[in-house]
Every structure is written in structure tokens, then in C-alpha cells.
Amino acid sequence: MDSEREKSEQRIELNRQHLKEWNTNLALEIEVRFALIKKHEQENIRLYLEEINFHERATLAIRQARELDELKHQDREGRIVTQKRQAQEKVALDQKLSY
């Protein structure tokens, strides 16, 4: 049977794994967000250099806003999935250690 210290170490290790996963996911979210922002900046520069009309500018602005909203939604969904899975892993470990 595991001692209380060993149980505590297993819980700490699981928390470390979860924290590492959150940090990795956050870094990826930031990288993808910056890439999208850079793309939008380049589109906006091209738009002004080519003197595109107001209708096309509005269309571009709407598309860019939609892309950012979709990315935010995707990131949020990913965080929710991760949070639920990690909660299940914690419950499973707690059940395992309680026996």
C-alpha cells in the first residue's frame, strides 16, 4: 500500500503534468494568434498600398473579425476539453489512491 507521502508525490506529479500541458497549450495559442495578427497586418498594408475601395475594406475587416472570433472560440473549446479531461484524470487518481 502506498504511503501518504507516495500518494502526495503522485498527486504533485499529475499537477506538474497538467501545468506543463497548460503552458504548452497557452504558448501554442499565443503563437497562432500572433500569426493571424501578422497576416491581418499584411493584408491591411496591402489594402492601403493598392488603394482598395471602401466596400472591399469593409469586407476585409468583417472577415478578419470573424477569423479572430473563430480562433477565440476554438481556443476556448480546447481549454474546456483539457480542463474536463484533467479533472477526470484527477478523480481517477484520487479513486486509485483511496483504495
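This text goes with the structure placed above it.
A quick note: this is a predicted structure, and the numbers were derived from the prediction, not measured. (Residues numbered from 1 in each chain as written. Predicted model: local features only at pLDDT ≥ 70, side-chain atom pairs only at ≥ 80, totals over all residues. Heavy atoms only, no water.)

A. Here's a closer look at the pattern of salt bridges. Counted under the stated rule, the structure contains 15 salt bridges. Here R11 ties to D94 by a salt bridge, and the two come within 3.0 Å at their closest N and O atoms. Of this pair, R11 sits in helix 1 (residues 4-49) while D94 sits in helix 2 (residues 54-98); the two residues are 83 residues apart in sequence, bridging distant segments of the chain. Between E89 and R85 there is a salt bridge; the shortest N-O distance is 2.8 Å. (Salt bridge = Lys/Arg side-chain N within 4 Å of Asp/Glu carboxyl O. Helix = DSSP H or I, 4+ residues; strand = E, 2+ residues; numbered from the N terminus.)

B. Main features of the packing of helix 1 against helix 2. Two numbers describe how helix 1 lies on helix 2: the axes approach to 11 Å, and their chain directions differ by 175°. Relative to helix 2, the element helix 1 lies roughly antiparallel. A class-by-class count of the residues in the contact of helix 1 with helix 2 yields 11 nonpolar, 9 polar and 19 charged. (Axes fitted to C-alpha atoms, helices over the stretch in contact; angles between N-to-C directions. Parallel < 35°, antiparallel > 145°, perpendicular 65-115°, else oblique. Nonpolar A, V, L, I, M, F, W, Y, C, P; charged D, E, K, R; others polar.)

C. Expanded view of a nonpolar patch on the surface. A cluster of nonpolar side chains, contributed by L26, I30, F34 and I37, occupies part of the molecular surface with about 370 Å² of accessible area. You can see I30 is positioned in helix 1. Under the relative-accessibility criterion, I30 is labelled partly exposed at 40%. (Patch = residues over 30% accessible without salt bridge, like charges linked within 9 Å, V, L, I, M, F, W, Y side chains within 5 Å. Areas by Shrake-Rupley, 256 points an atom, 1.4 Å probe, with all protein chains shown as cover. Buried < 20%, exposed > 50% of the residue type's maximum accessible area, 1.4 Å probe, protein only.)

D. Main features of helix 1. In this model helix 1 runs 67 Å from its N-terminal to its C-terminal C-alpha over 46 residues, within 8% of the 68 Å that 1.5 Å per residue would give. Listing the buried residues of helix 1 in full gives K7, L14, H18, E29, L36, H40, E43 and L47. Residues of helix 1 that are buried make contact with helix 2. Following helix 1 by one or two positions, E51 adopts a phi angle in the positive range, close to 50°. (Expected span 1.5 Å × (residues − 1). Contact = heavy atoms within 4.5 Å.)

E. Molecular detail of the environment of K39. If you trace the backbone, K39 turns up in helix 1. When the C-alpha positions of K39 and Q64 are compared, they lie 9.4 Å apart, and in sequence the two are 25 residues distant. Excluding its chain neighbours within four sequence positions, the residues that come into contact with K39 are R63 and E67.

F. Summary view of the side chain of Q86. By the secondary structure assignment, Q86 is in helix 2. Taking the relative accessible area as the measure of exposure, Q86 reaches 7% and is therefore buried. Within polar-contact distance, the side chain of Q86 engages the side chain of W22 at 2.6 Å. Apart from residues no more than four positions distant in its own chain, Q86 is found in contact with H18, E21 and W22. (Polar contact = N/O pair within 3.5 Å; in protein donor to acceptor, adjacent residues only side chain to side chain.)

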